[in-house]
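# Examination of the molecular architecture
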Amino acid sequence: QVQLVESGGGLVQAGDSLRLSCAASGRTFSTYGMGWFRQAPGKEHEFVAAVWGSGGNTFYADSVKGRFTISSDSAKNTVYLQMNSLKPEDTAVYYCAARLNRVTIITSPGSYVYWGQGTQVTVSS
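On a predicted model such as this, the values are computed, not experimentally measured, just so you know. (Residues numbered from 1 in each chain as written. Predicted model: local features only at pLDDT ≥ 70, side-chain atom pairs only at ≥ 80, totals over all residues. Heavy atoms only, no water.)

### Observations regarding the overall build of the protein
Condition: Secondary structure counts use DSSP, requiring at least four H or I residues in a row for a helix and at least two E residues in a row for a strand, with both numbered from the N terminus. Atoms counted for the radius of gyration: C-alpha only. Globule rule: 2.2 Å times residue count to the power 0.38. Note on classification: 1.4 Å probe, protein chains only; a residue is buried when its accessible area is under 20% of the maximum for its type, exposed when over 50%, partly exposed between these limits. Contacts were defined at the residue level, with two residues in contact if any of their heavy atoms lie within 4.5 Å. Here the accessible surface of atoms and residues is derived via Shrake-Rupley with a 1.4 Å probe, and residues count as covered only by protein chains that are part of the display. In this charge count, Lys and Arg are treated as positive and Asp and Glu as negative; neither His nor the chain ends contribute. A charged residue contributes its charge at one atom only: NZ of Lys, CZ of Arg, CG of Asp or CD of Glu.
What the protein contains, in helices and strands, is 0 helices and 11 strands. Counting from the amino terminus, helix and strand elements in the protein follow one another as β-β-β-β-β-β-β-β-β-β-β. In terms of overall size, the protein behaves like a compact globule, its C-alpha atoms giving a radius of gyration of 14 Å where 125 residues would be expected to give roughly 14 Å. Its C-alpha atoms put the protein at 40 × 30 × 25 Å along the principal axes. The proportion of buried residues among the 125 residues of the protein is 42%. Contacts in the protein between residues far apart in sequence, at least 24 positions, make up 58% of those at least 6 positions apart. Counting every atom, the protein has about 6,600 Å² of accessible surface; 49% of that belongs to carbon and sulfur. In the protein, the 10 positive side-chain charges and the 8 negative ones have mean positions that sit 8 Å from each other.

Okay, structure coming up:
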């Protein structure tokens, strides 16, 4: 119903910036909100940021507040994650996800229905 494809990952040094993109296709009218998660080697999925609603509401994990910015372009069916002041601990596979309606816990992976394949972000020190 909804397909998500992430892009923009790569290898950067600490302090650098990177912008991730998530292109949505299919029945995009059904999506209510989008989120970014990340998974470091041997760890569970970690919530990063979310955007939802026509007004562009946003919410961030404490670990990325002030450094990352999530945004969306409805005309392009694309959501972005601008990452500034990157740290080695930001190294992970970053996933884009979509949910279809309001949920009680927007930070939980289980609240999202559709997922992209992930894009690798590596930050060297």
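### Points about unusual backbone geometry
Note: most peptide bonds trans; most residues except glycine with negative phi. Its identity is not glycine, yet Asn 77 carries a phi of approximately 50°, on the positive side. Checked against the element boundaries, Asn 77 lands in the loop between strand 7 (68-73) and strand 8 (78-83). For Ser 85, which is not glycine, the phi torsion reads 50° and is therefore positive.

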